[in-house]
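Overview (structure and organization)
The residues making up each chain are set out below.
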Amino acid sequence: GAGVSQTPSNKVTEKGKYVELRCDPISGHTALYWYRQSLGQGPEFLIYFQGTGAADDSGLPNDRFFAVRPEGSVSTLKIQRTERGDSAVYLCASSGQAGTEAFFGQGTRLTVV
Amino acid sequence: QKEVEQNSGPLSVPEGAIASLNCTYSDRGSQSFFWYRQYSGKSPELIMSIYSNGDKEDGRFTAQLNKASQYVSLLIRDSQPSDSATYLCAVPTSGTYKYIFGTGTRLKVLA
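I will try to describe carefully the structure that is included in this document. Here the structure is a predicted model, which is why all the values come from computation and not from measurement. (Residues numbered from 1 in each chain as written. Chains lettered and ligands numbered in written order. Predicted model: local features only at pLDDT ≥ 70, side-chain atom pairs only at ≥ 80, totals over all residues. Heavy atoms only, no water.)

**Some thoughts on the overall build of chain A**
The cut-off we apply is this: Comment: elements are numbered from the N terminus, with helices defined as DSSP H or I runs of at least four residues and strands as E runs of at least two. The globule rule used for comparison is 2.2 Å times the number of residues to the exponent 0.38, while the radius of gyration itself is calculated over C-alpha atoms. Buried residues are those whose accessible area, probed at 1.4 Å on protein chains only, stays under 20% of the maximum for their type, while exposed residues exceed 50% and partly exposed ones sit between those limits. Here, two residues are considered to be in contact whenever any of their heavy atoms come within 4.5 Å of each other. Note on areas: Shrake-Rupley, 1.4 Å probe, and residue coverage restricted to the protein chains presented here.
The helix and strand tally for chain A stands at zero helices and eleven strands. Starting at the N terminus and walking to the C terminus, you meet the elements of chain A as β-β-β-β-β-β-β-β-β-β-β. Against the 2.2 N^0.38 benchmark of 13 Å for 113 residues, chain A shows a C-alpha radius of gyration of 13 Å, consistent with a compact globule. Along the first, second and third principal axes, the C-alpha atoms of chain A reach 35 × 25 × 25 Å. Classification of the 113 residues of chain A by burial places 48% in the buried group. For chain A, the proportion of contacts with a sequence separation of at least 24, taken over those separated by at least 6, is 54%. For chain A, the exposed surface amounts to about 5200 Å²; the carbon and sulfur share of it is 47%.

Pasting the structure below:
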């Protein structure tokens, strides 16, 4: 596609529920990144994929968070047993290769009530 | 010490002036540096990248890099009210290349 696409744009879920956030990167981009951004803060790194494998998942806050990229293109961020503290904007970015220009999608605003 | 540091601002400049935004980083092995602009409620938009020491100019924007001082800056010439936004500095770490962002500097250009 022309740009990074994230779905849904907004997600409201009840505390304790499971959610999936999807990211479709720019075609041909091998590197894909997930970030979380809270109001007034810079994006916080969660996980980075190079191809199908997670090259660095050191930013995942706990084992309720998991991400996959099974075919090296679309990625899904999965959050189990959501908590109110998980409420944030979840951003996805992709780049042609690691360390080069990365482009963001429009984000998914997750609200846990 | 934070890995990427920026003054949170707000930085207020009059229309037509030069805005100077600064960023310091801790990873001496980092090789690439990026500036993003983020309007309120929107996602970050890449505006400049720089890989070598010195200056890189693109229109009204100039990025400056000094690896010895671990310092990267962004100059915006002829600032316009539409430049009012938060500017984020991003530095991929050496090794794993995860992009570390500063907290951003909020710029206000006063008409």
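**Description of the overall build of chain B**
Keep this limit in mind: Charge counting treats Lys and Arg as positive and Asp and Glu as negative, with His and both chain ends excluded. Every charge is mapped onto a representative atom, which is NZ of Lys, CZ of Arg, CG of Asp or CD of Glu.
A tally of helices and strands in chain B yields zero helices and eleven strands. The order of helices and strands in chain B, counted from the N terminus, is β-β-β-β-β-β-β-β-β-β-β. Computed over the C-alpha atoms, the radius of gyration of chain B is 13 Å, within 12% of the 13 Å expected from 2.2 N^0.38 for a compact globule of 111 residues. In chain B, of all internal contacts separated by at least 6 residues, the share reaching a separation of at least 24 is 54%. Summing over all exposed atoms, chain B offers an accessible surface of approximately 5200 Å²; the carbon and sulfur share of this is 47%. Taking the average place of the 11 positive charges on the side chains of chain B and the average place of its 10 negative ones, the gap between the two points comes to 5 Å.

**Side note on the interface of chain B and chain A**
Selection rule: As a working definition, buried area equals the accessible area (1.4 Å probe) given up by two parts on being put together, with both sides summed. Definition used for salt bridges: Asp or Glu carboxyl oxygen within 4 Å of a side-chain nitrogen of Lys or Arg. Pairs of N or O atoms within 3.5 Å make up the polar contacts considered here, provided that, within protein, one atom can donate a hydrogen while the other can accept it, and that residues adjacent in sequence are counted only when both atoms are side-chain atoms.
At the interface, 18 residues of chain B touch 23 residues of chain A. A combined buried area of about 1600 Å² lies between chain B and chain A, and 55% of that area is made up of carbon and sulfur atoms. Considering only the side of chain B, the residues that lose the most area to chain A are Lys98(B), Tyr99(B) and Phe101(B), jointly responsible for 32% of the buried surface there. Linking chain B to chain A there are zero salt bridges. The tally of links between chain B and chain A comes to eleven residue pairs in polar contact (both at pLDDT 80 or more). For the side of chain B that touches chain A, the secondary structure elements donating two or more residues are strand E4 (33-38), strand E5 (45-50), strand E9 (85-92) and strand E10 (99-101) of chain B. When residues of the side of chain B that touches chain A are assigned to their parent elements, the largest contribution, three residues, is made by E4(B).

**Details of the sheet that holds strand E1 (residues 4-5) of chain B**
Remark on secondary structure: sheet strands pair via backbone hydrogen bonds, oriented parallel or antiparallel. Definition in use: Strands qualify as paired when DSSP identifies two bridges or more between them.
Ordered in space as E1-E3-E8-E7-E6 (chain B), the five strands form an open sheet in which the pairing is antiparallel. Looking at which strands have only one partner, the edges of the open sheet turn out to be E1 and strand E6 (54-58) of chain B.

**Focus on the environment of Val113(A)**
All names here are of chain A. Counting through the fold element by element, Val-113 comes out in the segment after strand E11 (108-112). Distance from Val-113 to Val-12, taken between C-alpha atoms, is 7.2 Å for residues 101 residues apart in sequence. With residues near it in sequence (within four places) discarded, Val-113 still touches Val-12, Thr-13, Glu-14, Lys-15 and Arg-84.

**Some remarks on the packing of aromatic side chains**
Any pair of aromatic rings gets described here by the distance separating the centres and the angle formed by the planes. Spelled out, the test is: Ring pairs are drawn from Phe, Tyr and Trp, using the six-membered ring of Trp, whenever the two centres fall within 6.5 Å, and their geometry is named by plane angle: stacked under 30 degrees, edge-to-face over 60, tilted for the rest.
Enumeration over the complete set of coordinates arrives at eleven aromatic pairs over all chains. With a centroid separation of 4.7 Å and 85° between ring planes, the pair formed by Tyr33(A) and Tyr99(B) is classed as edge-to-face. You can see Tyr33(A) sitting in strand E4 (residues 31-37) and its partner Tyr99(B) sitting in strand E10, one on each of two chains. Seen from their ring centres, Phe104(A) and Tyr36(B) are 5.5 Å apart, and the 85° between their planes marks the pair as edge-to-face.

**A look at the sheet that holds strand E7 (residues 65-68) of chain A**
All names here are of chain A. The following threshold applies: To obtain an axis, a line is fitted to C-alpha atoms, over the contacting stretch when the element is a helix, and the angle between two such axes runs from 0 to 180 degrees between their N-to-C directions.
Ordered in space as E1-E3-E8-E7, the four strands form an open sheet in which the pairing is antiparallel. A strand with exactly one partner marks an edge of an open sheet, and here the two such strands are strand E1 (5-7) and E7. When strand polarity is set aside, the average angle formed by the axes of neighbouring strands in this sheet is 15°.

**Re the state of the cysteines**
Here is the rule we go by: Whenever a pair of cysteine sulfur atoms sits within 2.5 Å, that pair is classed as a disulfide.
A full pass over the atoms with the stated rule returns two disulfides over all chains. In this model Cys23(A) forms its disulfide with Cys92(A); the gap between the sulfur atoms is 1.8 Å. Sign of the S-S torsion, about -65° for the bond between Cys23(A) and Cys92(A), identifies this disulfide as left-handed. Of this pair, Cys23(A) sits in strand E3 (residues 19-24) while Cys92(A) sits in strand E9 (residues 88-95), and the two are 69 residues apart along the sequence. Judged by relative accessible area, Cys92(A) falls into the buried class, the value being 0%. Between the sulfur atoms of Cys23(B) and its disulfide mate Cys89(B) the distance is 2.1 Å. The sign of the S-S torsion, about -70°, decides the handedness of the disulfide formed by Cys23(B) and Cys89(B): left-handed. On the criterion of sequence distance, the pair formed by Cys23(B) in strand E3 (residues 19-25) and Cys89(B) in strand E9 is long-range, its members being 66 residues apart. When sorted by exposure, Cys23(B) lands in the same class as Cys89(B), which is buried.

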